[in-house]
Amino acid sequence: LNAEVLLAKRLKVNTSPTLFINNKIYSGEIKKDKIIRVICEYLPKSVSEQLSLCLNLPECFSDEDCALPEMIGKCLNPGTGESKCVYIKDTEVTLSILYSSTMINPDYYKVLDSIAPLFPNLKVIFTSIESDEGLKLKEKNKIKSIPVFIFDSTILRAQNYLSISSHLEKIENNYILNTSKYKNTELFFHETKINNQIDIFISPLAYQSYIVIDSIRKTLKLKGMYNLGIKYISQKDAKDNVFFRFGLTELEEAERQIAIQIYHPEKFFDYIKARSLNLNSSYWEDPITMLGLNPQEIKLQSKNETIISILKKNAEKTKNFRINSEVSVVINNQERIPLLNQNDLQILLKKLIKLFNAE
(Lines give C-alpha, C1' and ligand atoms only; values in the text may rest on other atoms or scores of the structure.)
Protein backbone atom coordinates (compact mmCIF):
# COMPACT_ATOMS: atom_id res chain seq x y z
CA LEU A 1 0.00 0.00 0.00
CA ASN A 2 2.83 2.41 0.85
CA ALA A 3 4.40 1.72 -2.54
CA GLU A 4 1.10 2.55 -4.25
CA VAL A 5 0.79 5.80 -2.30
CA LEU A 6 4.32 6.81 -3.32
CA LEU A 7 3.58 5.93 -6.94
CA ALA A 8 0.41 8.04 -6.88
CA LYS A 9 2.39 11.00 -5.54
CA ARG A 10 5.10 10.58 -8.19
CA LEU A 11 2.49 10.46 -10.96
CA LYS A 12 0.61 13.41 -9.40
CA VAL A 13 -2.61 11.44 -9.03
CA ASN A 14 -5.03 13.32 -6.77
CA THR A 15 -8.49 12.23 -7.95
CA SER A 16 -10.32 8.92 -8.07
CA PRO A 17 -10.65 7.27 -10.47
CA THR A 18 -7.60 8.27 -12.54
CA LEU A 19 -7.00 6.29 -15.74
CA PHE A 20 -3.69 5.87 -17.53
CA ILE A 21 -3.82 4.75 -21.18
CA ASN A 22 -0.52 4.05 -22.89
CA ASN A 23 1.24 5.55 -19.87
CA LYS A 24 -0.59 8.85 -20.21
CA ILE A 25 -3.36 10.27 -18.01
CA TYR A 26 -6.75 9.97 -19.70
CA SER A 27 -8.61 13.25 -19.16
CA GLY A 28 -11.80 12.52 -21.10
CA GLU A 29 -15.19 11.34 -19.92
CA ILE A 30 -15.26 8.07 -17.98
CA LYS A 31 -17.60 6.33 -20.42
CA LYS A 32 -17.18 2.90 -21.97
CA ASP A 33 -17.48 4.04 -25.59
CA LYS A 34 -15.11 6.97 -25.11
CA ILE A 35 -12.45 4.81 -23.49
CA ILE A 36 -12.72 2.10 -26.17
CA ARG A 37 -12.25 4.74 -28.87
CA VAL A 38 -9.08 6.06 -27.22
CA ILE A 39 -7.66 2.55 -26.78
CA CYS A 40 -8.35 1.71 -30.44
CA GLU A 41 -6.64 4.92 -31.55
CA TYR A 42 -3.52 4.00 -29.55
CA LEU A 43 -3.32 0.50 -30.99
CA PRO A 44 -1.21 -0.11 -34.12
CA LYS A 45 -3.42 -0.03 -37.21
CA SER A 46 -2.49 -3.63 -38.02
CA VAL A 47 -3.95 -4.65 -34.64
CA SER A 48 -7.04 -2.41 -34.50
CA GLU A 49 -8.12 -3.54 -37.99
CA GLN A 50 -8.35 -7.10 -36.69
CA LEU A 51 -10.54 -6.25 -33.69
CA SER A 52 -14.30 -6.17 -34.21
CA LEU A 53 -14.57 -3.90 -31.18
CA CYS A 54 -12.58 -1.24 -33.02
CA LEU A 55 -14.02 -1.90 -36.49
CA ASN A 56 -17.62 -1.47 -35.30
CA LEU A 57 -17.11 1.80 -33.46
CA PRO A 58 -19.41 4.64 -34.59
CA GLU A 59 -17.67 7.51 -36.34
CA CYS A 60 -18.51 9.80 -33.43
CA PHE A 61 -20.21 9.80 -30.03
CA SER A 62 -20.38 13.58 -29.57
CA ASP A 63 -19.25 16.85 -31.16
CA GLU A 64 -15.93 16.48 -29.29
CA ASP A 65 -15.02 13.56 -31.56
CA CYS A 66 -15.25 15.81 -34.62
CA ALA A 67 -12.18 18.02 -34.68
CA LEU A 68 -10.32 19.61 -37.59
CA PRO A 69 -8.17 22.77 -37.56
CA GLU A 70 -10.19 25.99 -37.98
CA MET A 71 -13.45 24.01 -38.28
CA ILE A 72 -16.53 23.55 -36.11
CA GLY A 73 -17.35 19.86 -35.91
CA LYS A 74 -20.85 18.46 -35.39
CA CYS A 75 -21.73 14.83 -34.75
CA LEU A 76 -24.93 13.71 -36.49
CA ASN A 77 -26.73 10.65 -35.06
CA PRO A 78 -24.12 10.30 -32.28
CA GLY A 79 -23.23 6.83 -31.03
CA THR A 80 -25.06 4.97 -33.82
CA GLY A 81 -23.97 3.13 -36.94
CA GLU A 82 -25.20 6.15 -38.95
CA SER A 83 -23.16 8.68 -36.98
CA LYS A 84 -21.23 11.15 -39.07
CA CYS A 85 -19.00 14.18 -38.56
CA VAL A 86 -19.85 17.31 -40.52
CA TYR A 87 -17.68 20.42 -40.53
CA ILE A 88 -18.28 24.14 -40.89
CA LYS A 89 -15.40 26.55 -41.43
CA ASP A 90 -15.46 29.11 -38.65
CA THR A 91 -14.49 32.76 -38.90
CA GLU A 92 -11.26 33.98 -37.32
CA VAL A 93 -11.97 35.35 -33.84
CA THR A 94 -9.55 37.74 -32.15
CA LEU A 95 -9.13 37.54 -28.38
CA SER A 96 -6.86 39.88 -26.43
CA ILE A 97 -5.78 38.70 -22.97
CA LEU A 98 -4.68 41.50 -20.68
CA TYR A 99 -2.40 40.14 -17.94
CA SER A 100 0.22 41.28 -15.44
CA SER A 101 3.72 39.91 -15.02
CA THR A 102 3.47 40.74 -11.30
CA MET A 103 0.77 38.14 -10.61
CA ILE A 104 1.81 35.39 -8.20
CA ASN A 105 -0.57 32.80 -9.64
CA PRO A 106 -1.38 33.65 -13.30
CA ASP A 107 -3.84 30.89 -14.23
CA TYR A 108 -5.57 32.49 -17.22
CA TYR A 109 -5.20 29.11 -18.96
CA LYS A 110 -8.23 27.92 -16.92
CA VAL A 111 -10.39 30.30 -18.92
CA LEU A 112 -8.54 29.96 -22.21
CA ASP A 113 -8.69 26.15 -22.14
CA SER A 114 -12.46 26.34 -21.64
CA ILE A 115 -13.29 28.80 -24.41
CA ALA A 116 -10.70 27.81 -27.05
CA PRO A 117 -12.63 24.68 -28.17
CA LEU A 118 -15.61 26.90 -29.00
CA PHE A 119 -13.57 28.93 -31.49
CA PRO A 120 -11.20 26.68 -33.50
CA ASN A 121 -9.94 29.64 -35.54
CA LEU A 122 -9.01 31.68 -32.46
CA LYS A 123 -6.26 34.27 -32.67
CA VAL A 124 -4.94 35.10 -29.19
CA ILE A 125 -2.98 38.26 -28.41
CA PHE A 126 -1.29 38.58 -25.00
CA THR A 127 -0.79 42.12 -23.73
CA SER A 128 0.92 43.08 -20.48
CA ILE A 129 -0.91 45.71 -18.48
CA GLU A 130 2.49 47.20 -17.69
CA SER A 131 2.97 48.07 -21.37
CA ASP A 132 1.75 51.25 -23.08
CA GLU A 133 -0.79 49.24 -25.08
CA GLY A 134 -1.95 47.50 -21.90
CA LEU A 135 -2.51 50.81 -20.11
CA LYS A 136 -4.57 52.05 -23.07
CA LEU A 137 -6.71 48.90 -23.01
CA LYS A 138 -7.20 49.27 -19.26
CA GLU A 139 -8.47 52.84 -19.58
CA LYS A 140 -10.54 52.24 -22.71
CA ASN A 141 -12.34 49.20 -21.31
CA LYS A 142 -12.63 50.44 -17.71
CA ILE A 143 -10.69 47.47 -16.39
CA LYS A 144 -10.86 46.92 -12.61
CA SER A 145 -9.14 43.54 -12.41
CA ILE A 146 -7.04 41.20 -14.52
CA PRO A 147 -6.68 38.94 -16.38
CA VAL A 148 -9.22 40.31 -18.84
CA PHE A 149 -10.43 38.53 -21.95
CA ILE A 150 -11.40 41.01 -24.66
CA PHE A 151 -13.04 39.92 -27.91
CA ASP A 152 -13.32 42.32 -30.81
CA SER A 153 -16.38 42.41 -33.08
CA THR A 154 -15.29 39.25 -34.93
CA ILE A 155 -16.91 37.27 -32.10
CA LEU A 156 -20.32 38.25 -33.52
CA ARG A 157 -19.71 36.18 -36.68
CA ALA A 158 -18.47 33.05 -34.86
CA GLN A 159 -20.60 29.91 -35.09
CA ASN A 160 -20.60 29.48 -31.31
CA TYR A 161 -21.20 33.12 -30.42
CA LEU A 162 -24.57 32.39 -28.78
CA SER A 163 -23.02 29.83 -26.44
CA ILE A 164 -20.96 32.59 -24.81
CA SER A 165 -22.96 35.76 -25.52
CA SER A 166 -24.69 35.86 -22.10
CA HIS A 167 -21.24 36.15 -20.47
CA LEU A 168 -20.11 39.09 -22.58
CA GLU A 169 -20.32 42.80 -21.75
CA LYS A 170 -20.11 45.24 -24.64
CA ILE A 171 -17.85 48.25 -24.14
CA GLU A 172 -17.66 50.37 -27.30
CA ASN A 173 -16.65 47.88 -30.03
CA ASN A 174 -15.22 45.28 -27.67
CA TYR A 175 -16.79 42.41 -25.73
CA ILE A 176 -15.45 41.64 -22.24
CA LEU A 177 -15.84 38.10 -20.96
CA ASN A 178 -17.26 37.67 -17.45
CA THR A 179 -14.96 35.01 -15.98
CA SER A 180 -16.70 34.47 -12.62
CA LYS A 181 -17.86 30.94 -13.50
CA TYR A 182 -14.27 29.84 -14.21
CA LYS A 183 -13.10 30.68 -10.67
CA ASN A 184 -9.67 31.80 -11.80
CA THR A 185 -7.14 34.01 -10.04
CA GLU A 186 -7.76 37.76 -10.31
CA LEU A 187 -5.63 40.80 -9.49
CA PHE A 188 -7.75 43.77 -8.31
CA PHE A 189 -6.78 47.42 -8.64
CA HIS A 190 -9.36 48.98 -6.30
CA GLU A 191 -7.58 47.83 -3.12
CA THR A 192 -4.34 49.30 -1.74
CA LYS A 193 -1.42 46.89 -1.94
CA ILE A 194 -0.22 45.63 1.46
CA ASN A 195 3.05 43.76 1.07
CA ASN A 196 3.38 40.38 2.83
CA GLN A 197 -0.31 40.27 3.76
CA ILE A 198 -2.05 36.89 3.40
CA ASP A 199 -5.81 36.75 4.01
CA ILE A 200 -7.62 33.42 3.99
CA PHE A 201 -11.35 33.70 3.26
CA ILE A 202 -13.15 30.76 4.81
CA SER A 203 -16.46 29.25 5.72
CA PRO A 204 -16.23 28.52 9.48
CA LEU A 205 -18.04 25.20 9.02
CA ALA A 206 -15.98 23.86 6.09
CA TYR A 207 -13.23 21.37 6.95
CA GLN A 208 -11.24 22.42 3.87
CA SER A 209 -10.86 25.86 5.48
CA TYR A 210 -8.78 24.42 8.29
CA ILE A 211 -6.65 22.32 5.94
CA VAL A 212 -5.71 25.50 4.07
CA ILE A 213 -4.99 27.50 7.25
CA ASP A 214 -2.85 24.74 8.72
CA SER A 215 -0.96 24.14 5.46
CA ILE A 216 -0.10 27.81 4.94
CA ARG A 217 1.00 28.25 8.57
CA LYS A 218 3.24 25.18 8.40
CA THR A 219 4.69 26.19 5.03
CA LEU A 220 5.56 29.71 6.16
CA LYS A 221 6.43 29.01 9.80
CA LEU A 222 10.06 29.92 9.21
CA LYS A 223 9.20 32.97 7.16
CA GLY A 224 8.65 35.68 9.75
CA MET A 225 7.93 38.54 7.37
CA TYR A 226 4.23 38.00 6.70
CA ASN A 227 0.87 38.81 8.30
CA LEU A 228 -1.88 36.20 8.27
CA GLY A 229 -5.52 37.23 8.47
CA ILE A 230 -8.66 35.10 8.65
CA LYS A 231 -11.72 36.50 6.89
CA TYR A 232 -15.21 35.00 6.83
CA ILE A 233 -17.15 34.57 3.59
CA SER A 234 -20.30 36.50 4.41
CA GLN A 235 -22.83 38.82 2.83
CA LYS A 236 -25.03 41.77 3.79
CA ASP A 237 -28.76 42.06 3.08
CA ALA A 238 -30.70 45.19 2.10
CA LYS A 239 -30.96 46.21 5.79
CA ASP A 240 -27.16 45.92 6.31
CA ASN A 241 -27.49 42.72 8.34
CA VAL A 242 -24.78 40.10 7.94
CA PHE A 243 -25.79 36.62 6.83
CA PHE A 244 -24.07 33.39 5.83
CA ARG A 245 -24.90 30.84 3.16
CA PHE A 246 -25.67 28.14 5.74
CA GLY A 247 -27.61 30.41 8.07
CA LEU A 248 -27.48 31.12 11.79
CA THR A 249 -25.26 28.16 12.74
CA GLU A 250 -22.48 29.41 10.49
CA LEU A 251 -22.91 33.03 11.65
CA GLU A 252 -22.66 32.08 15.32
CA GLU A 253 -19.56 29.95 14.75
CA ALA A 254 -17.88 32.88 12.94
CA GLU A 255 -18.80 35.20 15.85
CA ARG A 256 -17.25 32.78 18.38
CA GLN A 257 -14.07 32.44 16.34
CA ILE A 258 -13.66 36.21 16.07
CA ALA A 259 -14.28 36.58 19.80
CA ILE A 260 -11.49 34.10 20.52
CA GLN A 261 -9.20 35.93 18.06
CA ILE A 262 -9.81 39.21 19.89
CA TYR A 263 -9.90 38.15 23.55
CA HIS A 264 -7.77 34.99 23.53
CA PRO A 265 -5.54 35.25 20.42
CA GLU A 266 -3.06 32.67 21.75
CA LYS A 267 -5.87 30.06 21.75
CA PHE A 268 -7.33 30.83 18.31
CA PHE A 269 -5.51 28.33 16.10
CA ASP A 270 -5.81 25.64 18.76
CA TYR A 271 -9.56 26.24 18.89
CA ILE A 272 -10.20 26.07 15.15
CA LYS A 273 -8.10 22.91 14.94
CA ALA A 274 -10.10 21.29 17.73
CA ARG A 275 -13.39 22.50 16.25
CA SER A 276 -12.49 21.17 12.80
CA LEU A 277 -12.37 17.62 14.18
CA ASN A 278 -16.13 17.66 14.72
CA LEU A 279 -17.69 20.45 12.69
CA ASN A 280 -21.07 18.72 12.49
CA SER A 281 -21.45 18.67 16.25
CA SER A 282 -23.62 21.33 17.88
CA TYR A 283 -21.55 20.96 21.06
CA TRP A 284 -19.27 23.88 20.30
CA GLU A 285 -18.66 24.26 24.04
CA ASP A 286 -16.49 21.12 24.19
CA PRO A 287 -13.38 22.39 22.32
CA ILE A 288 -13.64 25.73 24.15
CA THR A 289 -13.73 24.00 27.54
CA MET A 290 -10.88 21.71 26.49
CA LEU A 291 -8.70 24.80 25.94
CA GLY A 292 -9.45 26.11 29.44
CA LEU A 293 -11.88 28.83 28.30
CA ASN A 294 -15.37 29.56 29.59
CA PRO A 295 -18.07 28.84 26.94
CA GLN A 296 -20.55 31.27 28.48
CA GLU A 297 -17.94 34.03 28.54
CA ILE A 298 -17.12 33.40 24.87
CA LYS A 299 -20.83 33.43 24.04
CA LEU A 300 -21.25 36.86 25.67
CA GLN A 301 -18.08 38.22 24.06
CA SER A 302 -19.27 37.07 20.62
CA LYS A 303 -22.38 39.28 20.78
CA ASN A 304 -20.97 42.80 20.64
CA GLU A 305 -20.81 45.59 18.10
CA THR A 306 -17.09 45.16 17.46
CA ILE A 307 -17.61 41.65 16.10
CA ILE A 308 -20.64 42.69 14.03
CA SER A 309 -18.53 45.50 12.56
CA ILE A 310 -15.75 43.04 11.68
CA LEU A 311 -18.22 40.72 9.95
CA LYS A 312 -19.67 43.61 7.95
CA LYS A 313 -16.17 44.51 6.77
CA ASN A 314 -15.61 40.84 5.89
CA ALA A 315 -18.82 40.91 3.84
CA GLU A 316 -17.58 43.98 1.96
CA LYS A 317 -14.24 42.28 1.27
CA THR A 318 -16.07 39.14 0.11
CA LYS A 319 -17.99 41.26 -2.40
CA ASN A 320 -15.04 43.42 -3.50
CA PHE A 321 -12.83 40.41 -4.18
CA ARG A 322 -15.67 38.45 -5.77
CA ILE A 323 -15.06 35.47 -3.51
CA ASN A 324 -16.86 32.58 -5.23
CA SER A 325 -15.30 29.43 -3.77
CA GLU A 326 -15.42 27.72 -0.38
CA VAL A 327 -11.87 28.84 0.37
CA SER A 328 -9.91 31.67 -1.25
CA VAL A 329 -6.60 33.32 -0.44
CA VAL A 330 -5.87 36.99 -1.10
CA ILE A 331 -2.19 37.93 -1.38
CA ASN A 332 -0.94 41.47 -0.68
CA ASN A 333 -4.58 42.65 -0.44
CA GLN A 334 -4.91 42.48 -4.23
CA GLU A 335 -4.59 39.01 -5.75
CA ARG A 336 -7.45 36.59 -5.09
CA ILE A 337 -6.67 32.89 -5.57
CA PRO A 338 -9.58 30.42 -5.32
CA LEU A 339 -8.63 27.01 -3.92
CA LEU A 340 -10.94 24.43 -5.47
CA ASN A 341 -8.99 21.27 -4.68
CA GLN A 342 -5.81 19.85 -3.16
CA ASN A 343 -3.85 20.50 -6.36
CA ASP A 344 -4.69 24.22 -6.21
CA LEU A 345 -3.45 24.31 -2.61
CA GLN A 346 -0.15 22.59 -3.45
CA ILE A 347 0.47 25.02 -6.32
CA LEU A 348 -0.21 27.97 -4.01
CA LEU A 349 2.14 26.67 -1.31
CA LYS A 350 4.97 26.39 -3.85
CA LYS A 351 4.27 29.94 -5.05
CA LEU A 352 4.31 31.26 -1.47
CA ILE A 353 7.64 29.58 -0.72
CA LYS A 354 9.12 31.13 -3.88
CA LEU A 355 7.61 34.54 -3.06
CA PHE A 356 8.94 34.74 0.49
CA ASN A 357 12.32 33.27 -0.40
CA ALA A 358 12.68 36.01 -3.01
CA GLU A 359 11.87 38.66 -0.44
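Look up a bit, the structure's there.
Residues numbered from 1 in each chain as written. Predicted model: local features only at pLDDT ≥ 70, side-chain atom pairs only at ≥ 80, totals over all residues. Heavy atoms only, no water.

All right, on to the overall build of the protein chain then. Within the protein chain, the secondary structure is distributed over 13 helices and 17 strands. The C-alpha extent of the protein chain, read off along each of the three principal axes, is 75 × 60 × 45 Å. Burial status across the protein chain gives 42% buried among its 359 residues. Contacts in the protein chain between residues at least 24 apart in sequence constitute 64% of all its contacts with a sequence separation of at least 6. For the protein chain, the exposed area adds up to about 20700 Å²; of that, 52% sits on carbon and sulfur atoms. (Helix = DSSP H or I, 4+ residues; strand = E, 2+ residues; numbered from the N terminus. Buried < 20%, exposed > 50% of the residue type's maximum accessible area, 1.4 Å probe, protein only. Contact = heavy atoms within 4.5 Å. Areas by Shrake-Rupley, 256 points an atom, 1.4 Å probe, with all protein chains shown as cover.)

Of note, Ser128 is situated in strand β6 (residues 122–128). Side-chain polar atoms of Ser128 contact the side chain of Glu130, separated by 2.6 Å. Apart from residues no more than four positions distant in its own chain, Ser128 is found in contact with Leu98, Tyr99 and Gly134. (Polar contact = N/O pair within 3.5 Å; in protein donor to acceptor, adjacent residues only side chain to side chain.)

Summed over all chains, the structure comprises three disulfides. Through a disulfide, Cys40 is tied to Cys54; the S-S separation comes to 2.0 Å. Linking Cys40 and Cys54, the disulfide has an S-S dihedral of approximately -85° and is accordingly described as left-handed. In this pair, Cys40 is assigned in helix α2 (residues 32–42) and Cys54 in helix α4 (residues 52–55), connecting sequence segments 14 residues apart. Of the two residues examined, Cys40 and Cys54, each falls in the buried class. Through a disulfide, Cys60 is tied to Cys75; the S-S separation comes to 2.0 Å. An S-S torsion of about 90° defines the bridge between Cys60 and Cys75 as right-handed. In this pair, Cys60 is assigned in the loop between α4 and β3 (71–76) and Cys75 in strand β3, connecting sequence segments 15 residues apart. For the protein chain, numbering the cysteines in disulfides from first to last along the sequence yields the connectivity 1-2, 3-5, 4-6. (Disulfide = S-S within 2.5 Å.)

Close contact between helix α8 (residues 248–263) and helix α12 (residues 305–320) brings their axes to 10 Å; oriented N to C, the two are set at 110°. Taken together, α8 and α12 sit at an angle that is classed as roughly perpendicular. For α8 against α12, the interelement crossing comes out right-handed. Across the interface between the two elements, Leu251, Ala254, Glu255, Ile258, Ala259 and Ile262 of α8 pack against Thr306, Ile307, Ile308, Ile310 and Leu311 of α12. Grouping the constituent residues of the contact of α8 with α12 by class yields nine nonpolar, one polar and one charged. (Axes fitted to C-alpha atoms, helices over the stretch in contact; angles between N-to-C directions. Parallel < 35°, antiparallel > 145°, perpendicular 65-115°, else oblique. Left-handed = near helix turned anticlockwise from the far one by under 90°. Nonpolar A, V, L, I, M, F, W, Y, C, P; charged D, E, K, R; others polar.)

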